[in-house]
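Single-letter residue listing:
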Amino acid sequence: MLVTSSAERNRSKASVGGVGMLLNPKAYKALTKIEKVSPRIMCATFNGNPSTTTTSCYSPTNAADEEDRTNFYSALTNFIQNVPKHNIPVIGGDMNAKIGPSDHKSKGSTFNKKTNENGQALLNLLEECGMVALNTRFQKRKGKLWTHQYPNSEKAQIDYILLNRKWQNSAKNCEVYNSFSPVGSDHRIVTSELKLSLQANKVKNARKKFDWKDIKRNYTIEVQNRFAILNNADNEQTADSIYVSIMTAHNVASDSTIPVKKKATERIPWQNKDVIEKRERDLRKQKKYSTKNPRKANRNK
C-alpha cells in the first residue's frame, strides 16, 4: 500500500515537498494512525511492543531560503519531541544534509568531506532529540555510503535514517543500494535492519464460538418452551412482538444450553495418551525384569 502526502506551491508557484511511504501487508495490518505534519513531513504509527512511529520527510536544499530550512528543522524537532515516550521514533528521508568526518561522533563512517549548513542543522537535531543517524553508525566502504549523485557526477551522502539513541542497539545494519532502474531517481535506496516487534491490531467484540455438538435437541426444546411462555403472556400479537419473543427465547436458550467452545490447547507430543501408556508399560516391564534378575539389572546400570 502506498501512502502519500501532497506537495504545496511556493512563491514561484512551483511544487514543493510531497512525501510518502510504501507499506507491505504486515505493516499495513499493524497501522494505527497516519498524520500529515506538513507538506514535507508525514508520519505513521504502527502497533507493536512497543509501538513504532515512522516519519518520512524531505528537507529544503542547502541553497533554499534560510527561513524555509529553519522552519523545516524546527517542525521536525518539535514533532520528534512530541512522540510518546514509549514509542520508537524512526525518521527516514532526504535531509539534504552533509556531515563531515570532523563533526562525526560515532564509530561508523561518513562519505562527505565537510559539513554544510543543513548538516549542522541535522547535527543540532540529533543532539537535541537524542537521535543517531544509522547510516553513519556502521563501518562501510565508500560505495555503501553515498546516497545521491548530482548532474555533474559528484556524489554525496544526504539521505539518512534516524533512530532514537535509546533503541540504537536494535539496529543490526544500515547500508545503501542502487535504485531500481525504472524509478529513474538520482537517489539511492537507504536500508536499515531493525529488530522490532509488530503486532496486528486486536479485533474487538470477537464473535463467540459455540459448541453445537449433542445440544441441538436441548436447545430446540428450550426455545420452544421459552417462546410459548412469552407468547401466552402477550395477548395482543403483532409482528414486532412475535419477533421480540423469538429473539428473547433464542438468547435465553443459547445462554442456558449452548456452552462456549473452549480454545484448543497446544498439542505436546510427550503428553499424548498413547505415549504415556507405552512409557508406563515399559517401566512396568523393566521393574519386573529387575526383580527376577537383580544381578543382570545391576550390571546394566
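Residues numbered from 1 in each chain as written. Predicted model: local features only at pLDDT ≥ 70, side-chain atom pairs only at ≥ 80, totals over all residues. Heavy atoms only, no water.

## Some words on the overall build of the protein chain
Heads up, the rule is: A run of H or I in DSSP counts as a helix once it spans at least four residues, and a run of E counts as a strand once it spans at least two, with each numbered from the N terminus. Relative accessibility decides the category of a residue: with a 1.4 Å probe and only protein chains considered, values under 20% of the type maximum give buried, values over 50% give exposed, and everything between is partly exposed. In this description, contact between two residues means that some pair of their heavy atoms is separated by no more than 4.5 Å. Computed with a 1.4 Å probe, the accessible areas rest on the Shrake-Rupley method; for each residue, only the protein chains presented here act as cover.
From N to C terminus, the protein chain includes 7 helices and 14 strands. Every one of the 301 residues in the protein chain was classed for burial, and the buried ones make up 34%. Counting contacts in the protein chain only where the partners sit at least 6 residues apart, residues at least 24 apart contribute 59% of the total. Carbon and sulfur atoms make up 50% of the accessible area of the protein chain, which amounts to about 20700 Å² in all.

## Considerations on the sheet that holds strand 7 (residues 52-58)
Cut-off, in case you're wondering: Only strands joined by at least two bridges in the DSSP assignment are considered to pair. Only the stretch in contact is used when fitting a helix axis, every axis being a line fitted to C-alpha atoms; angles between N-to-C directions are given from 0 to 180 degrees.
Ordered in space as 5-6-7-8-12-9, the 6 strands form an open sheet in which the pairing is mixed. The open sheet has two free edges, formed respectively by strand 5 (31-38) and strand 9 (131-133), since each of these has just one partner strand. Strand-to-strand, the axes of this sheet are offset by a mean angle of 20°, without reference to chain direction. Summarising the sheet, strand 7 and strand 8 (residues 88-94) pair through 7 bridges and their orientation is parallel. Paired with C57 across the strands is G93, a residue of strand 8.

## Some points on the side chain of N118
Residue placement: N118 occurs in helix 3 (residues 117-129). On the basis of relative accessible area, N118 is assigned to the buried category, the value being 0%.

## Some remarks on the pattern of salt bridges
Heads up, the rule is: Salt-bridge detection follows one rule: a side-chain nitrogen of Lys or Arg within 4 Å of a carboxyl oxygen of Asp or Glu.
For the structure on display, the rule yields 4 salt bridges. Across the pair E175 and K140 runs a salt bridge whose closest N-O atoms are separated by 2.9 Å. Of this pair, E175 sits in strand 13 (residues 171-177) while K140 sits in the loop between strand 9 and strand 10 (148-149); the two residues are 35 residues apart in sequence, bridging distant segments of the chain. On the accessibility criterion, E175 (11% relative accessible area) is buried. Look at the salt bridges and you will find they share partners, linking K140, K144 and E175 into a network.

## Overview of the nonpolar core
So the rule is basically this: We define the nonpolar core as a collection of buried residues of types Ala, Val, Leu, Ile, Met, Phe, Trp, Tyr and Cys that are connected through side-chain atoms lying within 4.5 Å of one another.
In terms of nonpolar packing, the biggest core is built from 22 residues, with M95, L122 and L162 touching the most fellow members. With 11 residues, the next largest nonpolar core counts L134, L163, C174 and V190 among its residues.

## Examining the layout of surface pockets
Over the atoms rolls a probe the size of a water molecule, and in doing so it shows where empty space is left. The following threshold applies: Two kinds of site are reported from a 1 Å grid over the protein atoms alone, namely cavities, where a 1.4 Å probe fits but cannot get out, and pockets, open sets with protein on both sides within 12 Å along at least five of seven lines, and residues are called lining when an atom falls within 4 Å of a point. Grid points are joined across faces, edges and corners, and a volume is the space filled by probe spheres set on the points. Charged means Asp, Glu, Lys or Arg here, nonpolar means Ala, Val, Leu, Ile, Met, Phe, Trp, Tyr, Cys or Pro, and polar covers whatever is left, Gly included.
Considering only enclosed or pocket space, the largest pocket measures out at about 1500 Å³ in volume. What lines the largest pocket is a set of 39 residues, and nearest its centre among them are G20, M21, L22, T54 and V190. Of all the secondary-structure elements, those providing two or more residues to the lining of the largest pocket are strand 4 (19-22), helix 1 (25-30), strand 7, strand 8, strand 12 (159-164) and strand 14 (189-194). By residue class, the composition of the lining of the largest pocket is 20 nonpolar, 14 polar and 5 charged.

## Notes on the confidence of the model for the protein chain
Worth spelling out the cut-off: Each residue carries a pLDDT value, the predictor's own confidence for that position, ranging from 0 to 100.
Of the residues in the protein chain, 77% have a pLDDT of 70 or more, and the chain-wide mean is 80. Element-level pLDDT for the protein chain is lowest in helix 7 (residues 294-300), with a mean of 56, against a maximum mean of 93 in strand 12.

## Focus on the pairing of strand 4
Here strand 4 shows one buried face, formed by V19 and M21, and one open face, formed by G20 and L22. Pairing of strand 1 (residues 2-5) with strand 4 involves 4 bridges; the strand directions are antiparallel. Residue pairing across strands places V3 opposite M21, the latter belonging to strand 4.

## Re the packing of helix 2 (residues 66-81) against helix 3
Quick reminder of the rule: Note on terminology: angles under 35 degrees are roughly parallel, angles over 145 are roughly antiparallel, angles of 65 to 115 are roughly perpendicular, and the others are oblique. Handedness of a helix crossing follows the sense of rotation of the near helix relative to the far helix, less than a right angle counterclockwise being left-handed and clockwise being right-handed.
Taken N-terminus to C-terminus, the directions of helix 2 and helix 3 make an angle of 15°; their axes are 10 Å apart at the nearest point. Considered as vectors, helix 2 and helix 3 are oriented roughly parallel to each other. Seen from above, helix 2 lies across helix 3 with right-handed handedness. In this structure, helix 2 contributes R69, Y73, L76, T77, I80 and Q81 to the contact, and helix 3 contributes E117, N118, A121, L122, L125, E128 and C129. Looking at the contact of helix 2 with helix 3 residue by residue, the classes come out as 7 nonpolar, 3 polar and 3 charged.

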